[in-house]
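Read off the chains here:
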Amino acid sequence: MLLFLFLMFVQFSLLAVGGANAIVPELHRVVVTELHWMSGQEFAALFALAQAAPGPNVLIVSLVGWKVAGVPGAIVSLIGICLPSSLLSFWVARWWQQARGSRLTTAISKGLAPLTVGLIAAGVAMMAASHPPSWAAGLLLASCALLSWRTRLNPLWLLAAGAAAGLGGLV
Amino acid sequence: MNTLIIPDKKALFRGFFLIGLSGFGGVLPQAQHQLVQRRCWLTDTEFAELLALGQVLPGPNIVNMAVAIGSRFHGVAGALLAVAGLLLAPLVLILLLATLYQHYQQASWLQQLLAGLAPAGIGLLLGMVLKLAARLPRRLLPWLLAVLTFIAVAGVHLPLWIVLLVLAPLGIGLAWRYPQGGL
């Protein structure tokens, strides 16, 4: 089972173009529909957990491994999904360091900069749309955005303020 | 902000450990805060470059960035340390949470906590978009490309790999063809 998990996520690794969340629909299909490892509801709960918990969203993968094969499953899955893509970015990063300042790397970084903005903005819009709209949440979102844009405040303070507002029943 | 610091291996691990631990609802805002503003390991420009590369390369963005940053300072060992630091604490935490969650998922205080954390986390990410957008040249093409990417992903819900397959070569090609103007 551990080897199966490892090989499965090795394949997923290079499919995750644009980030870990890109493989979630496909992961859902394989894990829920094809292998019957868990129900769709369980999958949704694990996904929400991976989003809310600290750390990168790729941890959804380790939760799937954990569900099927315990802690070793979690570790093996995480290594599987990170290994191929990490090797690739290791070589690209090494090449980038050597070629930095050339016409090609300049074109790449200038050409990709608008895409980065568009992609993260799209992520923001889609995440915001998945929550029920309210004035309080909107206000909280906007003030956190403004403060983190304009000040050098540690993001943790803003998250703490959000948590306090939530616990106080304001949101 | 002007003098960059080269971290030793211990600092590299500790830095990414903190980033992993404090990145609720996505790690990027915390990564930018720690790497650029707090620790001065990277300039704004370098961060934007590495982020763009991490996004276009397959695999989890922030892990790709950790590999690139770690290997820049300390080769293979640096890459391993950065990734291990980044993932260790969140992995332990999320497994604990998953165990707890099964007992407490109905608890109202947990629901309230999440209801407050979610908008704050999204707001932080929006703040980062604003920082990155402020660095784009004030010309038509870059902004057109950014809006096009946004609409393709958030509006039309095209699969990400299709969007990247079309728009990444387009952006790089335009920037290559017109080094001075355009992009």
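Just so we're clear, the structure is a prediction, and the values are computed from it rather than from any experiment.

A.B. asks: Help me understand the overall build of chain A, please; the structure alone is not making it clear to me.
C.D. replies: Helix and strand counts for chain A come out as seven helices and zero strands. When its C-alpha atoms are laid out on the principal axes, chain A stretches across 50 × 45 × 25 Å. Burial status across chain A gives 46% buried among its 171 residues. At a minimum sequence separation of 6, the contacts of chain A that also span at least 24 residues come to 49%.

A.B. asks: Would you take a moment to explain the packing of helix α4 (residues 60-99) of chain A against helix α4 (residues 61-104) of chain B for this structure?
C.D. replies: The angle between the axes and the distance between the axes are what describe a pair of packed helices. Between α4(A) and α4(B), the shortest axis-to-axis distance is 10 Å and the interhelical angle comes to 160°. In terms of their interaxial angle, α4(A) and α4(B) are classed as roughly antiparallel. Viewed along their axes, α4(A) and α4(B) form a crossing whose handedness is right-handed. Among the residues making up the contact of α4(A) with α4(B), the classes are represented as 18 nonpolar, seven polar and two charged.

A.B. asks: Would you take a moment to explain the interface of chain A and chain B for this structure?
C.D. replies: Accessible area lost upon the coming together of the parts is a frequently used measure of interface size. If you look at the interface, chain A gives 85 residues, while chain B gives 88 residues. When contributions to the side of chain A that touches chain B are tallied by element, the ones reaching two or more residues are α3 (40-52), α4, α5 (103-129), α6 (135-150) and α7 (155-167) of chain A. Ranked by residue count, the leading element in the side of chain A that touches chain B is α5(A), at 23 residues. Here the side of chain A that touches chain B is composed, by residue class, of 58 nonpolar, 23 polar and four charged.

A.B. asks: Just checking my understanding: could you explain the packing of helix α2 (residues 24-34) of chain A against α3(A) for this structure?
C.D. replies: All names here are of chain A. Between α2 and α3, the shortest axis-to-axis distance is 10 Å and the interhelical angle comes to 140°. Between α2 and α3, the crossing angle belongs to the class labelled oblique. When the axes of α2 and α3 are compared, the crossing they make is right-handed. On α3, the residues that touch Val24, His28, Val31 and Val32 of α2 are Gly40, Phe43 and Phe47. Across the contact of α2 with α3, the residue classes tally to five nonpolar, two polar and no charged.

A.B. asks: Help me understand the confidence of the model for chain B, please; the structure alone is not making it clear to me.
C.D. replies: Do not read the predicted coordinates in detail wherever pLDDT is low. All names here are of chain B. The pLDDT averaged across chain B works out to 87; a share of 95% of its residues lies at or above 70. When the elements of chain B are averaged for pLDDT, helix α5 (residues 108-134) gives the smallest value, 84, and helix α6 (residues 140-155) the largest, 92. Model confidence for the complex: the whole-complex pTM is 0.83, and ipTM, which rates the interface, is 0.83.

A.B. asks: Would you explain α3(A) in this entry?
C.D. replies: It helps to recall that an α-helix has 3.6 residues per turn; residues three or four apart then point in one direction. An ideal rise of 1.5 Å per residue puts 18 Å on 13 residues; α3(A) measures up with 18 Å between its terminal C-alpha atoms. Within α3(A) the residues assigned to the buried category are Phe43(A), Leu46(A), Ala50(A) and Gln51(A). Looking straight down α3(A), one finds its buried side chains confined to an arc of 140°; they lie on one side. As for α3(A), its buried residues are in contact with α2 and α4 of chain A together with α4 of chain B.

A.B. asks: What is the right way to look at the domain arrangement of chain B in this model?
C.D. replies: You can read the domains of chain B as domain 1 (9-135) and domain 2 (137-183). Computed from C-alpha coordinates alone, the two centres of domain 1 of chain B and domain 2 of chain B are separated by 25 Å.

A.B. asks: In this structure, what is going on with the environment of Met65(B)? I would like to understand it.
C.D. replies: Residues and elements named next belong to chain B. With respect to the element layout, Met65 can be found in helix α4. C-beta crowding within 10 Å serves as the criterion here: with 29 such atoms nearby, Met65 is assigned to the buried category. Between the C-alpha atom of Met65 and that of Ala82, which follows or precedes it by 17 residues, the distance is 9.3 Å. Setting aside anything within four residues of it in sequence, one finds Met65 in contact with Ala31, Leu50, Leu51 and Gly54.

A.B. asks: So what exactly am I meant to see when it comes to the nonpolar core here?
C.D. replies: For soluble globular proteins, the rule of thumb is that nonpolar side chains tend to be buried together. Residues and elements named next belong to chain B. With 108 residues, the main nonpolar core has Ala66 and Ala82 as its most contacted residues. Element by element, the count of residues in this core is highest for α4, at 16 residues. Built from parts of two domains, this core gets at least three residues from each of domain 1 (9-135) and domain 2 (137-183). The contact partners of Ala82, leaving out residues within four places of it in the chain, are Leu12, Phe16, Ala66, Val67, Ile69 and Gly70.

A.B. asks: I'm lost on unusual backbone geometry in this one. Help?
C.D. replies: Note: most peptide bonds trans; most residues except glycine with negative phi. Residues and elements named next belong to chain B. Residue Cys40 is not a glycine yet carries a positive backbone phi of 55°. Relative to the helices and strands, Cys40 is located in the loop between α2 (28-38) and α3 (44-56). Of note, the phi angle at His157 is positive, near 55°, even though the residue is not glycine. Structurally, His157 is set in the loop between α6 and α7 (160-177). Owing to 10 C-beta atoms within 10 Å, His157 belongs among the exposed residues under this scheme.

Rules used in this analysis
Residues numbered from 1 in each chain as written. Chains lettered and ligands numbered in written order. Predicted model: local features only at pLDDT ≥ 70, side-chain atom pairs only at ≥ 80, totals over all residues. Helix = DSSP H or I, 4+ residues; strand = E, 2+ residues; numbered from the N terminus. Buried ≥ 20, exposed ≤ 12 C-beta atoms within 10 Å, placed from the backbone. Contact = placed C-beta atoms within 7 Å. Axes fitted to C-alpha atoms, helices over the stretch in contact; angles between N-to-C directions. Parallel < 35°, antiparallel > 145°, perpendicular 65-115°, else oblique. Left-handed = near helix turned anticlockwise from the far one by under 90°. Nonpolar A, V, L, I, M, F, W, Y, C, P; charged D, E, K, R; others polar. pLDDT = per-residue confidence, 0-100. Expected span 1.5 Å × (residues − 1). Arc of directions from axis to C-beta. Domains from an automatic or database assignment. Core = buried A, V, L, I, M, F, W, Y, C linked by C-beta atoms within 7 Å.

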